[in-house]
Amino acid sequence: MSSLSIVVIGGGAAGFFGAITAAETFPDATVTILEKTRTVLNKVRISGGGRCNVTHACFDNRQLTKHYPRGEKPLRPLLNQFDAMATVRWFESRGVALKTEADGRMFPETNTSETIVDCLLNTARRLGIEIRTSCGVSALVQQPGHPGWQLTLLDGSLLMADRVLVATGGYPQLPSYHWLPDQAEPLQSPVPSLFTFHVPSSPFLSLAGVSVPDAAVYVVNTKQEQRGPLLITHWGFSGPAILRLSAWAARELANVDYRFTLRVNWVPVYNDSTLRAALQEFRQQNGRKLVSSQNPFGLPSRLWQMMVQEAGVVDDQRWADLPAKPLNRLADRLTNSQFQVTGKSTFKEEFVTCGGISLGGLHPQTLESKTQPGLFFAGEVLDIDGITGGFNFQSAWTTGYAAGSHIGQR
């Protein structure tokens, strides 16, 4: 009997992990990776500022899935096969130790993504996996009366395979998916996730580089809100709180063409009424001090001075002499700053897609198509996406493992 031929389309994290798992699980199979660009594992190389945020130190799978705006429920049975702890052990067993940072992100101890790239490449080569670059696929057709697949490459040549794993990553536009066979459920239209906000009219643009360790951000007139570090940029706002908000509200924001009102509470331990009481108490205890220089909330001094200026407080105003109106305006700006967002920017290498292949059309344990036997999916091409912090790579390892460990079953 001839050996089973497995072709993986996509040389990224999910593609490599699926190929490696397939080669290890089915050692008699021949495994080939096809990558459209000239190099493989490009996103792994540049992610995390060149350090590669491999996963997140969240070892309770139910808690882990809470970090995925799309894909929480489908990921649960998949994580039972390969979770964050399995990721740590997998890399450590291949000589790559991971370290955990204060926020839970996990990186290689070497602090360079090349360690992860080398590990995946060396493992693939040791297993005899063929890696073909500059080798894109323009069509994928199942052979009539045969479980195999015919792949038409961009150069016009044909390639036959018994099994195919699609791990191409997310596409930004719907037509880019049209070379794929139709699935049992409609494709979820792709829109960007993880992006920063453009606020060109913001008076805060002059504070570019100032960050706040804890802020609450809201999309006005929706239920979307997040809390965490916020960064003021020269185009608007970024930082973990903004990126998480963009992920959870990805479809809502796309529907309004990224034009909406953003509300920021700079001191989220307070609401409007409790903050006013806190300001009154502070005024009583620090009456002789200048408002502009005496910051009761630990905010960056430049941000505090901007708040004071926006509230109409004069430079030499002392707390004891602060009238009620500017005090109320100051409280409002601290808890209810509003900004008109008019666009977005992709967040560097952390760009991911909301949308893709619907999980309902795939077998939940194997990620094999329900209508196209022998066709599997893994990685960002699926309608699964996480927030920043290593969650998207964990999804790549998990889905790559699930598909790879079943793809060779006859």
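Residues numbered from 1 in each chain as written. Predicted model: local features only at pLDDT ≥ 70, side-chain atom pairs only at ≥ 80, totals over all residues. Heavy atoms only, no water.

Read across the sheet, 7 strands follow the order β17-β16-β13-β14-β15-β12-β18 without closing on themselves; strand pairing throughout is antiparallel. Only two strands of the sheet have a single neighbouring strand rather than two, namely β17 (337–341) and β18 (343–346). Put simply, the sheet's adjacent strands are angled 40 degrees from each other on average, direction ignored. Most of the contacts of helix α11 (residues 324–335) go to strand β16 (residues 260–265), to which it runs at about 110 degrees, and overall it touches β16 and β17. (Pairing = 2+ DSSP bridges. Helix = DSSP H or I, 4+ residues; strand = E, 2+ residues; numbered from the N terminus. Axes fitted to C-alpha atoms, helices over the stretch in contact; angles between N-to-C directions. Contact = heavy atoms within 4.5 Å.)

In this section: the side chain of Thr 353. Structurally, Thr 353 is set in strand β19 (residues 352–356). A residue is classified by how much of its surface remains accessible, and Thr 353, at 0% relative accessible area, is buried. Apart from residues lying up to four places away in sequence, Thr 353 is in contact with Gly 170, Tyr 171, Tyr 177, Pro 190, Val 191, Glu 380 and Asp 385. (Buried < 20%, exposed > 50% of the residue type's maximum accessible area, 1.4 Å probe, protein only.)

Taking a probe equal in size to a water molecule and rolling it over the atoms shows the remaining empty space. Counted as a void, the second largest pocket has a volume near 180 Å³. In terms of lining, the second largest pocket is formed by Tyr 177, His 178, Leu 180, Pro 181, Asp 182, Gln 183, Glu 185, Pro 186, Leu 187, Ile 357 and Ser 358. Here the residues of the lining of the second largest pocket sort into 6 nonpolar, 3 polar and 2 charged. (1 Å grid on protein atoms, 1.4 Å probe; cavity = no way out; pocket = protein on both sides within 12 Å on 5 of 7 lines; lining within 4 Å. Points joined across faces, edges and corners; volume = space filled by probe spheres on them. Nonpolar A, V, L, I, M, F, W, Y, C, P; charged D, E, K, R; others polar.)

A sheet is described by the order of its strands in space; here 3 strands give the open sequence β3-β5-β4, paired in antiparallel fashion. Each having just a single partner strand, β3 (55–56) and β4 (98–100) make up the two edges of the open sheet.

Right, let's get into helix α6 (residues 114–126). Compared with an ideal rise of 1.5 Å per residue, which puts 13 residues at 18 Å, α6 spans 18 Å between its outermost C-alpha atoms and is within 8% of the ideal. Restricting attention to buried positions, one finds in α6 the residues Thr 115, Ile 116, Val 117, Cys 119, Leu 120, Leu 121, Thr 123 and Ala 124. If you follow the buried residues of α6, they end up packed against α1 (13–25), α2 (42–50), α5 (84–93), β5 (105–108), β6 (130–132) and α12 (391–404). Positive backbone phi, at 80 degrees, marks Gly 128, one or two positions downstream of α6. (Expected span 1.5 Å × (residues − 1).)

What follows is about the state of the cysteines. Cysteine pairs can be covalently joined through their sulfur atoms, and such a bond is termed a disulfide. Enumeration over the complete set of coordinates arrives at 0 disulfides. The thiol sulfur of Cys 58 is not disulfide-bonded, and the nearest other cysteine sulfur, from Cys 52, lies at 18 Å. Here Cys 58 falls in the buried class, since its relative accessible area comes to 13%. (Disulfide = S-S within 2.5 Å.)

A pair can form between side chains of opposite charge whenever their charged atoms are brought close. For the coordinates displayed, the defined rule picks out 11 salt bridges. Note that Arg 105 and Asp 103 form a salt bridge whose closest N and O atoms lie 2.8 Å from each other. Owing to a relative accessible area of 44%, Asp 103 belongs among the partly exposed residues under this scheme. When salt bridges with common partners are traced through the structure, they connect Arg 51, Glu 101, Asp 103 and Arg 105 into a single cluster. (Salt bridge = Lys/Arg side-chain N within 4 Å of Asp/Glu carboxyl O.)

Time to look at the packing of aromatic side chains. All told, the structure shown has 20 aromatic pairs when counted by the stated rule. Between the aromatic rings of Phe 17 and Trp 397, the centroid separation amounts to 5.3 Å while the plane-to-plane angle is 55 degrees, which identifies the pairing as tilted. Here Trp 397 lies in helix α12 and Phe 17 lies in helix α1, a separation of 380 residues in the sequence. With respect to burial, Phe 17 and Trp 397 carry one shared label: buried. With centroids separated by 5.5 Å and ring planes inclined at 70 degrees, the aromatic side chains of Phe 91 and Trp 397 adopt a geometry described as edge-to-face. Taken together, the positions of Phe 91 in helix α5 and Trp 397 in helix α12 put the pair 306 residues apart, joining distant regions of the chain. Taken as a pair, Phe 91 and Trp 397 share a single burial class, namely buried. One aromatic cluster in this structure is built from Phe 17, Phe 82, Trp 90, Phe 91, Phe 393, Trp 397 and Tyr 401. Just above the ring of Phe 107 sits the side chain of Arg 51; from NZ or CZ to the centre is 3.8 Å. (Phe/Tyr/Trp six-rings, centres within 6.5 Å; stacked < 30°, edge-to-face > 60°. Lys NZ or Arg CZ within 6 Å of the ring centre and 35° of its normal.)

Here strand β13 (residues 211–219) pairs with strand β14 (residues 225–232) via 6 bridges, running antiparallel. Bridging across to β14, Val 217 finds its partner in Gln 226.

Attention now goes to the environment of Ser 113. Its place among the elements puts Ser 113 in the loop between β5 and α6. In this structure Ser 113 comes out as buried when scored by relative accessible area, which is 2%. Discounting chain neighbours no more than four positions away, the residues touching Ser 113 are Val 44, Arg 45, Gly 50, Arg 51 and Cys 52.

It is worth spelling out the nonpolar core at this point. The tendency in soluble globular proteins is for nonpolar side chains to be buried as a group. Judged by nonpolar contacts, the single largest core of 48 residues is most densely connected at Leu 262, Trp 266 and Leu 303. In terms of residue count, the dominant contributor to this core is helix α10 (residues 301–310) (5 residues). Val 40, Val 54, Cys 119 and Ala 396 belong to the second largest nonpolar core, which has 44 residues in total. (Core = buried A, V, L, I, M, F, W, Y, C linked by side-chain atoms within 4.5 Å.)

Any link to function would need more than the numbers given here.
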